[in-house]
Amino acid sequence: MKQYETYKDSGIQWLGKIPSHWETIAMKFYFYMKGRIGWQGLKAEEFTEEGPYLVTGTDFEDGRVVWERCYHISEERFNEAPEIHVKKRDLLITKDGTVGKLAYIDSLPEKVSLNSHLLILRPYTDSISNHFMYWALQASNFEYYTGLAQNGSIMASLSQEKIGDYKLGLPSLNEQEIIASYLDYKVGQIDAAIKEKEAMLEDLKAYRTAIISEAVTKGLDKNTEMKDSGIEWMGMIPKSWDVVKIKHVLDYQSDPLRVGPFGSSLSGNDFKSEGYWVYNQRVVLDNNFTSTDTFISEDKYKEVRSFKVFAGDLLLTTRGTIGKVAIVPDTFHEGVLHPCLIRFRVDDSLVNKEFLAYYFNGTNMVLDQVKYNSNSTTIDVIYSYTLKELIISLPPLNVQNEIVTRLNKMVEIIDEMIKETSLSVADLKSYKSSVISEAVTGKVDLRDWKCKTANA
């Protein structure tokens, strides 16, 4: 696309050059900006089933407010703060938590107010379109600025003052509307492509899970004779398979669970930016043994060497995303377990480690058992004694080997497809960002743009 005839230096670090006829403005001089001062005593128990709407950042979706998600408040509470009553064509922005999330109000119920984490942006003048501003504040320039300006060690925040200090290039009202309409059209196309790719990605992940689950619970031969496992939730299994508890296939000669119910007793104060590795949950979830962000000193390492990790160990996540397993490869860094992991070892004459990893990671059998045994729909933690009592269906070792060989080939193909699709999504999102930024900063001249309709 063509550029403008001439440009000038904006004098602004995050903006650079803009078209010569554009203005440079600071938002505080052109926008009414108001937010709720704290909660003004408003408590969650005051939320009602009907009445004026109370908008939060979690109600934003695709740049609009999903009114059905909103809380409600009483008329009295609504009337206490008229300065934050929302109007049509207002722009709402999150200033805490996920900073800079936007919602443009193109339609609204009769009465709407804000929670304490949002800010209303409303132009003082008719020469500024909030439709344009909705896109301008999604540009990489604003993202860069918020990175410089936000503060908060626990939760990121961006003050009203900092938002007011943001400077941007502003074209004429007519150009603003053309740019906004162009981005509605163009980004709409890109978003549709992203959603299509993301749907493909979910389908691939579901297919990957399905083939793993089928293989490790029913085998590869669909015509094999089946038998009742004797376990209600497990159902039918191949006739030659056994039902065993994990404790019966552990390698006790290496004393696999001597570390107790969890990994090491390390605490946050022990962790350093370099030193000996601490194998944490992220390593296991990503199955990535090439990097970690958690280390301990040599002195601390000597104290906790009983929690040392060795090649062939199975590492199990016990908190957060629990029940996932990774196998320590032959080439690894010397290090110890994070407190959120359990290390265990299996008898190689009974179990193929890769088969067991597929079983843990590719089925719901482990989590379902833990939930059932804990009489809870949620699980906070897995203990070593919980692990020992887990029941699995186990084929003969030669069948395990066949299943692993077949799955490795199939999963490799699917993983490559997942990788390619993920990269495609990332490329589309990067393209979307560049399209927005180039349009709202005047890097392309859109004055002659007209929407191409199907009937044109």
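Residues numbered from 1 in each chain as written. Predicted model: local features only at pLDDT ≥ 70, side-chain atom pairs only at ≥ 80, totals over all residues. Heavy atoms only, no water.

Engineer: Residue-level account of the sheet that holds strand S8 (residues 71-72), with values.
Structural biologist: Read from one edge of the open sheet, three strands run S8-S5-S11, paired in mixed fashion. This sheet does not close on itself; its edge strands, each paired only once, are S8 and strand S11 (112-114). Sheet topology note: the strand S5 (residues 48-55)/S8 ladder contains three bridges and is antiparallel. Opposite Tyr53, over in S8, you have His72 as the bridge partner. (Pairing = 2+ DSSP bridges. Helix = DSSP H or I, 4+ residues; strand = E, 2+ residues; numbered from the N terminus.)

Engineer: Describe the nonpolar core, naming the residues involved and giving the relevant values.
Structural biologist: Grouped together as the largest cluster of nonpolar side chains are 49 residues, with contacts concentrated most on Met27, Leu121, Met133, Leu137 and Leu183. For this core, the element with the highest residue contribution is helix H5 (residues 173-218), accounting for eight residues. Excluding residues within four positions of it along the chain, Leu137 makes contact with Met27, Leu91, Ile93, Leu102, Leu121, Phe142 and Tyr166. Counting residues in hydrophobic clusters, the runner-up holds 43 residues, among them Ile212, Val351, Val370 and Ile391. (Core = buried A, V, L, I, M, F, W, Y, C linked by side-chain atoms within 4.5 Å. Buried < 20%, exposed > 50% of the residue type's maximum accessible area, 1.4 Å probe, protein only. Contact = heavy atoms within 4.5 Å.)

Engineer: Can you lay out empty space enclosed by the protein for me, pointing to particular residues and giving the numbers?
Structural biologist: One pass over the structure, following the stated rule, counts one cavity of 30 Å³ or more. The calculated volume of the largest cavity comes to roughly 50 Å³. Contributing to the lining of the largest cavity are Leu15, Ala136, Ala139, Asn141, Tyr166, Leu168, Gly169, Val440 and Thr441. Each residue belonging to the lining of the largest cavity can be placed in one class, and the counts come to six nonpolar, three polar and no charged. (1 Å grid on protein atoms, 1.4 Å probe; cavity = no way out; pocket = protein on both sides within 12 Å on 5 of 7 lines; lining within 4 Å. Points joined across faces, edges and corners; volume = space filled by probe spheres on them. Nonpolar A, V, L, I, M, F, W, Y, C, P; charged D, E, K, R; others polar.)

Engineer: Let's hear about the pattern of salt bridges: which residues, and what values?
Structural biologist: Scanning all chains against the criterion turns up 27 salt bridges. A salt bridge links Arg77 to Glu80; the shortest N-O distance between them is 2.8 Å. Residue Arg77 and its partner Glu80 are both found in helix H1 (residues 75-80); the two are separated by three residues, about one turn of the helix. A relative accessible area of 16% places Arg77 in the buried class. Note that Glu389 and Lys245 form a salt bridge whose closest N and O atoms lie 2.8 Å from each other. (Salt bridge = Lys/Arg side-chain N within 4 Å of Asp/Glu carboxyl O.)

Engineer: Any chance you could break down the side chain of Asp96 for me, citing the residues and the numbers?
Structural biologist: Following the sequence through the fold, Asp96 ends up in the loop between strand S9 (91-94) and strand S10 (102-104). Looking at Asp96, its side chain comes within polar contact range of the side chain of His117, at 3.1 Å. (Polar contact = N/O pair within 3.5 Å; in protein donor to acceptor, adjacent residues only side chain to side chain.)

This is a description of form; function is not addressed.
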